[in-house]
Amino acid sequence: MDKILIRGLEVCARHGVHDYEKTKPQRFVFDADLSVDFYGAAKTDDLECTVNYSAVCKLIADITNDNTFNLIERLAYECAFSVMENFAAVRGVSLTVCKPEAPIKHKFGTVGVTAELTREKAYLSLGSSMGDKKAYLDKAVKLLDATRGISVEKVSSYISTKPYGGVAENEFLNCAVKAEVFLSPEQLLDEVNRIEAECGRTRQKRWGDRTLDIDIIFYGGRIINGERLVIPHPEYHKRDFVLKPLAEIAPDFVCPVQKKRIRELSN
């Protein structure tokens, strides 16, 4: 992937945990790497075929000037998110904010943080077996789409399925969601857990009845085997309540583990 580089963008603004930092402007210095396919611009010499780095610089400067944050971590993510939201051609951004005049009682060159975001497709499985099941699924889809860094692109039909695992007693209502995300897999998991909690999810019995269950089935072509998260979701390919909705919205997606299209696995 090609990259557009921004180096040493200086903005004087008011950010910091101390009161005087919120009134006295100081320098903030930005570096950004934008992952962009600008082969078309190289062929045509046309600005419309790439990302206007002047517009990106203005966006970063406006956000920095128009807000007052305690932490440069917040400032970095605010700028990174805004770049991804406002420039669809940007596939990923690594944005560093340095604070050379930070209130540190030691000699130093600068301090800073880096926020990194990548645009990816995620596929989620949603289910509910308690209360107004359709209302819980509808609410979950809305909350997902309202979460910064998640944009719902497709939602499958809702299907009724028998409980899985021998613990739950009620029938489930299930669906699948395709979303464009620029959260990391772990950040996406955090947001999924938050939405489950907002919908009354409690974790008392494994595979028991619940108001809402959201599983991350795929995160692009990534294979993850972590303590908190395993992707693709284990045994998803054995579960019709996952495969049937997925086959409706992503029949040609190829599982990075099974090496088969979803429509092949669902047959």
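Residues numbered from 1 in each chain as written. Predicted model: local features only at pLDDT ≥ 70, side-chain atom pairs only at ≥ 80, totals over all residues. Heavy atoms only, no water.

J.: What exactly am I supposed to notice about the overall build of the chain here?
T.: Helix and strand content of the chain: 7 helices and 11 strands. With the C-alpha coordinates aligned to their principal axes, the bounding extent of the chain is approximately 65 × 50 × 30 Å. Total accessible area on the chain stands at roughly 14100 Å², and carbon and sulfur atoms take up 48% of it. Within the chain, the 39 negative side-chain charges are centred at a point lying 3 Å from the centre of the 38 positive side-chain charges. (Helix = DSSP H or I, 4+ residues; strand = E, 2+ residues; numbered from the N terminus. Areas by Shrake-Rupley, 256 points an atom, 1.4 Å probe, with all protein chains shown as cover. Lys, Arg positive; Asp, Glu negative; His and termini not counted. Charge placed at Lys NZ, Arg CZ, Asp CG, Glu CD.)

J.: Would you take a moment to explain the nonpolar core for this structure?
T.: If you look at soluble globular proteins, the nonpolar side chains tend to sit buried side by side. Among the nonpolar cores identified, the biggest contains 63 residues, and F30, L34, L95, L126 and L188 are the most heavily contacted of them. Per-element accounting of this core gives the leading share, 8 residues, to helix α3 (residues 72-86). When residues no more than four places from it in sequence are discounted, the contact partners of F30 are I6, R7, G8, L9, V11, I60, T64, L75, C79, L95, T96 and V97. (Core = buried A, V, L, I, M, F, W, Y, C linked by side-chain atoms within 4.5 Å. Buried < 20%, exposed > 50% of the residue type's maximum accessible area, 1.4 Å probe, protein only. Contact = heavy atoms within 4.5 Å.)

J.: How should I be thinking about the environment of Q26 in this particular structure?
T.: By the secondary structure assignment, Q26 is in strand β2 (residues 26-35). Residues Q26 and Q187, spaced 161 residues apart in sequence, show a C-alpha to C-alpha distance of 31 Å. Setting aside residues no more than four positions away along its own chain, Q26 makes contact with V11, C12, A13, H15, E21, K99, E101 and A102. One polar contact links Q26 to E21, side chain to side chain, over a distance of 3.4 Å. (Polar contact = N/O pair within 3.5 Å; in protein donor to acceptor, adjacent residues only side chain to side chain.)

J.: Just to check I follow, could you spell out the side chain of E78 for this structure?
T.: Mapped onto the elements of the fold, E78 is located in helix α3. Setting aside anything within four residues of it in sequence, one finds E78 in contact with I63, F69 and R148.

J.: Mind showing me how you'd approach the pattern of salt bridges here?
T.: Any two side chains of opposite charge can pair, so long as their charged atoms come close to each other. By the definition in use, this model includes 18 salt bridges. Measuring nitrogen to oxygen at the nearest pair gives 2.8 Å for the salt bridge that ties E85 to R148. Here E85 is found in helix α3, whereas its partner R148 is found in the loop between α4 (133-146) and β6 (150-155), with 63 residues between them in sequence. The exposure class of R148 is partly exposed, given its relative accessible area of 32%. When the shortest N-O distance is used, the salt bridge between E171 and K162 registers 3.3 Å. Each of the salt bridges in this network shares a partner with another, and the network as a whole consists of R119, K121, E153, K178 and E180. (Salt bridge = Lys/Arg side-chain N within 4 Å of Asp/Glu carboxyl O.)

So, to be careful, I would describe these as geometric facts and stop short of saying anything about function.
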